[in-house]
Amino acid sequence: MTNSPVKVAVTGAAGQIGYSLLFRLASGALLGPDTPIELRLLEITPALKTLEGVVMELDDCAFPTLAGIEIGDDPNVVFDGVNHALLVGARPRGPGMERGDLLEANGGIFAPQGKALNAHAASDIRVTVTGNPANTNALIAMSNAPDIPTERFSALTRLDHNRAISQLAAKLGVPVTEIKKMTIWGNHSATQYPDLFHAEVGGRNAAEAVGDQEWLAGTFIPTVAKRGAAIIEARGSSSAASAASATIDHARTWIEGTPEGDWVSMSVRSDGSYGVPEGLISSFPVTIKDGQWSIVQGLDIDEFSRGKIDASVAELAEEREAVKGLGLI
Ligand SMILES: NC(=O)c1ccc[n+]([C@@H]2O[C@H](COP(=O)([O-])OP(=O)(O)OC[C@H]3O[C@@H](n4cnc5c(N)ncnc54)[C@H](O)[C@@H]3O)[C@@H](O)[C@H]2O)c1
Ligand SMILES: O=C(O)C[C@H](O)C(=O)O
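It should be emphasised that the depicted structure is a prediction, and the values quoted were computed from it without experimental measurement.

### Things to note about the site of ligand 1
Taken together, 22 residues lie near ligand 1, and Gln16, Ile17, Glu43, Thr130 and Asn132 sit nearest. Between ligand 1 and Gly15, the relevant distance is 3.5 Å, taken from an oxygen atom to a main-chain nitrogen or oxygen of the residue. Gln16 is positioned with one of its backbone polar atoms (N or O) 2.9 Å from an oxygen atom of ligand 1. When ligand 1 is considered free in solution it has 860 Å² of accessible area, and contact with the protein chains removes 82% of it. Secondary structure elements with two or more residues in the shell around ligand 1: helix 1 (16–26) and helix 4 (99–120). Taken together, the residues of the shell around ligand 1 break down into ten nonpolar, eleven polar and one charged. Formed jointly, the shell around ligand 1 draws a minimum of three residues from each of two domains, domain 1 (6–155) and domain 2 (157–322).

### What about the UniProt feature "domain: Lactate/malate dehydrogenase N-terminal" (unreviewed entry) in the protein?
As recorded in UniProt, the feature "domain: Lactate/malate dehydrogenase N-terminal" (unreviewed entry) lies at residues 6–149. Between the end C-alpha atoms of residues 6–149 there is a gap of 20 Å, over a span that is 42% helix and 19% strand.

### Things to note about the UniProt feature "binding site: NAD(+)" (unreviewed entry) in the protein
Mapped onto this structure's residue numbering, the UniProt feature "binding site: NAD(+)" (unreviewed entry) falls at Gly12, Ala13, Ala14, Gly15, Gln16, Ile17, Gly18, Asn106, Gln113, Thr130, Gly131 and Asn132. As for its placement among the helices and strands, Ala14 is situated in the loop between strand 1 (6–11) and helix 1. We classify Ala14 as partly exposed; its relative accessible area is 22%. Contacts of Ala14, omitting those with residues within four sequence positions, involve Glu43, Ala47, Thr50 and Leu51.

### Structural notes on the sheet that holds strand 7 (residues 179–180)
Sheet architecture is open: three strands sit in the order 7-10-11, paired in antiparallel fashion. The open sheet has two edge strands, strand 7 and strand 11 (204–205), and neither has a second partner. Note that strand 10 (residues 200–201) and strand 11 share two bridges and pair antiparallel. Note that in strand 11 the partner of Val201 across the bridge is Arg204.

### Overview of the site of ligand 2
Near ligand 2 the following residues occur: Asn132, Arg163, His188, Gly228, Ile232, Ser238 and Ser239. The contact in question runs from an oxygen atom of ligand 2 to an N or O atom on the side chain of His188, over 2.6 Å. Between ligand 2 and Ser239 there is a distance of 2.7 Å, counted from an oxygen atom to a side-chain nitrogen or oxygen. Protein contacts shield 72% of the accessible area of ligand 2, which totals 260 Å² for the unbound molecule. Across the shell around ligand 2, the residue classes break down as one nonpolar, five polar and one charged.

### Side note on the domain arrangement of the protein
Considered domain by domain, the protein is made up of domain 1 (6–155) and domain 2 (157–322). Contact residues are listed per partner, giving 30 residues for domain 1 and 35 residues for domain 2. Taken together, both faces of the contact between domain 1 and domain 2 bury some 2600 Å²; the carbon and sulfur share is 59%. Inspection of the domain 1/domain 2 interface yields zero salt bridges. Inspection of the domain 1/domain 2 interface yields 17 residue pairs in polar contact (both at pLDDT 80 or more). Elements with a minimum of two residues in the side of domain 1 that touches domain 2: helix 1, strand 4 (84–87), helix 4, strand 5 (126–129), helix 5 (134–143) and strand 6 (153–155). Of the residues belonging to the side of domain 1 that touches domain 2, the class tally is 15 nonpolar, ten polar and five charged.

What counts and what doesn't
Residues numbered from 1 in each chain as written. Chains lettered and ligands numbered in written order. Predicted model: local features only at pLDDT ≥ 70, side-chain atom pairs only at ≥ 80, totals over all residues. Heavy atoms only, no water. Near = heavy atom within 4 Å. Polar contact = N/O pair within 3.5 Å; in protein donor to acceptor, adjacent residues only side chain to side chain. Areas by Shrake-Rupley, 256 points an atom, 1.4 Å probe, with all protein chains shown as cover. Helix = DSSP H or I, 4+ residues; strand = E, 2+ residues; numbered from the N terminus. Nonpolar A, V, L, I, M, F, W, Y, C, P; charged D, E, K, R; others polar. Domains from an automatic or database assignment. UniProt positions renumbered as here; feature names shortened; annotations may be inferred. Buried < 20%, exposed > 50% of the residue type's maximum accessible area, 1.4 Å probe, protein only. Contact = heavy atoms within 4.5 Å. Pairing = 2+ DSSP bridges. Buried area = accessible area lost by both parts, 1.4 Å probe. Salt bridge = Lys/Arg side-chain N within 4 Å of Asp/Glu carboxyl O.

The following block contains the structure:
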């Protein structure tokens, strides 16, 4: 291992997702076995003691790829020189909280974090927002970091993408590796649109392979879109290991690129493609090469898909108006 360490920041590091994410990052799941990683872990002050315990456990694993760990409660210190920022820590919706309250509370987190990244991150910084509402939190962070190119900000819809692949593979009785070109459009919320019309199963169109519009519209789409809620209902808390795994998948694909003949779903700043208003952080099919993503162009969008994409994008536009009204962007 001759490379110098890559600095990866994780916020909300003492939380549920953090507890799964940190050990996988430290063991090389993001950067591989030959690149040392330095973890920069941000938490709120009252959670630092818990985080110290997690750091003790990380030490106890003696991971060969783990070159160092720094923890703290000041993003201006923790984000110094970071190459990747995985923004996981967010304010969950509490009893009686309206969407506007949630957006305001998260604005208080993602605006200062955007500013701190702008001031202190490395010049090659790439930012992935997992903390909900992920798309709009990414918009807030991006809007508060004017010196970082906008294409370096993203939000996580890879978990939805993975869920869609898994549901489709189970329906058709094929391995997940047979499924290519899955797309999640729109917001990481119940309005998202998992699209089978452009996906492929063993080279064949997925919607045709399913051949059952009732299952597609009445079972597949709501199962994927409401999977987060189903896990909360079953587990008593939101998805954590799968969210950590998808966060690593997302960031690793951003580094390594997409394989020939496939793409991934990633929430990125819209350039107006597919009628998604410019500037919204919306999920698209993207290919990635040399660390740069591009929205897949030229897909035919039929009336059914158009309606679903428009509904989710309308929600993103509403969220943008709400955070604008709060002066967060
Ligand atoms: N995008 C997705 O696919 C997806 C999937 C699952 C969960 N999530 C979201 O990820 C977020 C984290 O989930 P979790 O289960 O780990 O939650 P959690 O409550 O267990 O942990 C969140 C952590 O963030 C910390 N935190 C709060 N404010 C912070 C700040 N300003 N700076 C640094 N840390 C801060 C908290 O102290 C806490 O330890 C939630 O918003 C959840 O809804 C997103
Ligand atoms: O849906 C949620 O609130 C949790 C998370 O975003 C998920 O998709 O599992």
